[in-house]
Amino acid sequence: MANIYVTRLIPQPGIDMLIAAGHQVEVNPDDRVLTQDELLAKVKGRDAVLCLLTDTIDAAVCEAAAGCKIFGNYAVGFNNIDVPACTRAGIAVTNTPGVLTDATADMAWALLFSVARRIVEGDKYTREGRFKGWGPLLFLGGDITGRTLGIIGAGRIGENFALKSKGFKMKVLYSDVNPNPTLEKELGATKVDMETLLKESDFVSVHVPLMPETRHLIGRKELAMMKPTAYLINTSRGPVIDEEALVEALQKKTIAGAGLDVYEDEPALKPGLTECWNAVIPPHIASATLETRTKMATMAAGNILALLEGKRPPNILNPEVLPANLR
Ligand code: DGY
């Protein structure tokens, strides 16, 4: 029987899987992020930890967790985990790829529609009793069908998002280190450099992981390349965009708008963002459907169980820590 800690309440089926396998499971009962001190204390003496993207798993946590075999992250993104530090400590790290691809891509579309068609602004206006009748100039937004869609990062989620544009007959550009034959075949998409993408797209959607190379990938200079009628969508990680520069662009209307699900200093927002009504700003909920979050929970639990049972976790990020026969 292993001793497993879950850093926050997740959908019950994931927790049930761990319990049903006969393990001793402790779940943080409070629906909040643990402080770093609490996390350091709670990982002590565990065989496995199911953690979240809001937990910072650094070298100090690895040290406190001495003897722990796995950090099973409940997210596809793992920028919250110092994977090399885990590897040095001999701790496996896993994530939850694939199961949230559709939900995240769907959300990027929801943001695109909301900001281009001014849904949130219009909804607020109606609720405030200001709707006095149809008007020819009321809430003019931007066309979507037939426009140019720019995908930055054509991996799993970027590709899924782009493929969903089919019904809108869009011209698709993408920039990525690797070519994406599926997008080229299915949509006639063209791989271009970032500058061309930013200058030519009506919608720019960001789908890159957060790494040192992608921090502030979209800054002042890149925002200035975008058309004044263009919209920026981000469902990846906040620090990929220089949020201060974005607020400035939204305030000065050098771009038409932004749909953001993620923020540079989550949950804090850069000053001025909440006053920008040309931005739609939900609270990092792209994967937040009951079905998707449940699949993430069972996938994270499945990774932990596989390791504890001496099998290769399906979503292992540092296979070098596994015994040679499982790498
Ligand atoms: C992830 O899995 O990385 C998402 O941001 C969680 O919703």
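Asks: An account of the overall build of the protein chain is needed here, citing residue identities and associated values.
Replies: Along its length, the protein chain carries twelve helices and twelve strands. Against the 2.2 N^0.38 benchmark of 20 Å for 327 residues, the protein chain shows a C-alpha radius of gyration of 22 Å, consistent with a compact globule. In terms of overall dimensions, the protein chain has C-alpha extents of about 70 × 45 × 30 Å along its principal axes. Expressed as a percentage of its 327 residues, the buried residues of the protein chain come to 50%. Once local pairs closer than 6 in sequence are excluded, the contacts in the protein chain between residues at least 24 apart make up 58%. Accessible area of the protein chain: about 15100 Å², with a carbon and sulfur share of 56%.

Asks: Account for the packing of aromatic side chains, naming residues and giving values.
Replies: According to the stated counting rule, one finds six aromatic pairs in the structure shown. Between Trp109 and Phe113, the aromatic rings sit 6.1 Å apart at their centres with planes inclined by 40°, giving tilted as the arrangement. Here Trp109 and its partner Phe113 are both found in helix H5 (residues 101-116), four residues apart, which amounts to about one turn of the helix. On the accessibility criterion, Trp109 (6% relative accessible area) is buried.

Asks: I'd love a proper account of the site of the ligand, names of residues and values included.
Replies: Near the ligand the following residues occur: Leu53, Ala75, Val76, Gly77, Leu100, Arg237, His284, Ser287 and Arg293. Within the backbone of Val76, one N or O atom sits 2.7 Å away from an oxygen atom of the ligand. A distance of 2.9 Å is found between an oxygen atom of the ligand and a backbone nitrogen or oxygen belonging to Gly77. Coverage of the ligand by the protein chains reaches 92% of its 230 Å² of free accessible surface. The residue inventory of the shell around the ligand, partitioned by class, reads four nonpolar, three polar and two charged.

Asks: Report on the environment of Ala66, specifying residues and quantitative values.
Replies: In this structure, Ala66 sits in the loop between helix H3 (59-64) and strand S4 (70-73). A relative accessible area of 57% means that Ala66 is categorised as exposed. Considered as a pair, Ala66 and Tyr125 are 59 residues apart in the sequence and their alpha carbons are 55 Å apart.

Asks: Describe H5, and please don't skip the residues or the numbers.
Replies: Here H5 spans 23 Å end to end across 16 residues, near enough to the 22 Å set by a 1.5 Å rise per residue. Of all the 16 residues making up H5, twelve are buried; the element is thus mostly covered by neighbouring parts of the structure. After H5 finishes, the residue Arg118 shows a positive phi value of roughly 55°.

Asks: So what about the sheet that holds strand S9 (residues 203-206)? Which residues, and what values?
Replies: Strand order in the open sheet made by the seven strands is S8-S7-S6-S9-S10-S11-S12, with parallel pairing throughout. The sheet is open, and its two borders are formed by strand S8 (190-191) and strand S12 (279-280), each paired with just one other strand. Relative to strand S10 (residues 231-234), S9 runs parallel, the two sharing four bridges. Residue Val204 lies in a different strand from S10, and its bridge partner there is Leu232.

Asks: Outline the sheet that holds S4, listing residues and values.
Replies: The sheet built from five strands is open, its strands ordered S2-S1-S3-S4-S5 with parallel pairing. Since the sheet does not close on itself, it has two edges, and those belong to strand S2 (24-27) and strand S5 (92-94), each with one partner. Taken over all neighbouring pairs, the strand axes of this sheet differ in orientation by 15° on average, direction set aside. Across three bridges, strand S1 (residues 3-6) lies against strand S3 (residues 48-51) in parallel orientation. The residue bridging Ile4 from the neighbouring strand is Ala48, located in S3.

Definitions and cut-offs
- Residues numbered from 1 in each chain as written.
- Predicted model: local features only at pLDDT ≥ 70, side-chain atom pairs only at ≥ 80, totals over all residues.
- Heavy atoms only, no water.
- Helix = DSSP H or I, 4+ residues; strand = E, 2+ residues; numbered from the N terminus.
- Rg over C-alpha atoms; globule rule 2.2 N^0.38 Å.
- Buried < 20%, exposed > 50% of the residue type's maximum accessible area, 1.4 Å probe, protein only.
- Contact = heavy atoms within 4.5 Å.
- Areas by Shrake-Rupley, 256 points an atom, 1.4 Å probe, with all protein chains shown as cover.
- Phe/Tyr/Trp six-rings, centres within 6.5 Å; stacked < 30°, edge-to-face > 60°.
- Near = heavy atom within 4 Å.
- Polar contact = N/O pair within 3.5 Å; in protein donor to acceptor, adjacent residues only side chain to side chain.
- Nonpolar A, V, L, I, M, F, W, Y, C, P; charged D, E, K, R; others polar.
- Expected span 1.5 Å × (residues − 1).
- Pairing = 2+ DSSP bridges.
- Axes fitted to C-alpha atoms, helices over the stretch in contact; angles between N-to-C directions.

Note that every value here comes from positions in space, so none of it alone points to a role or purpose.
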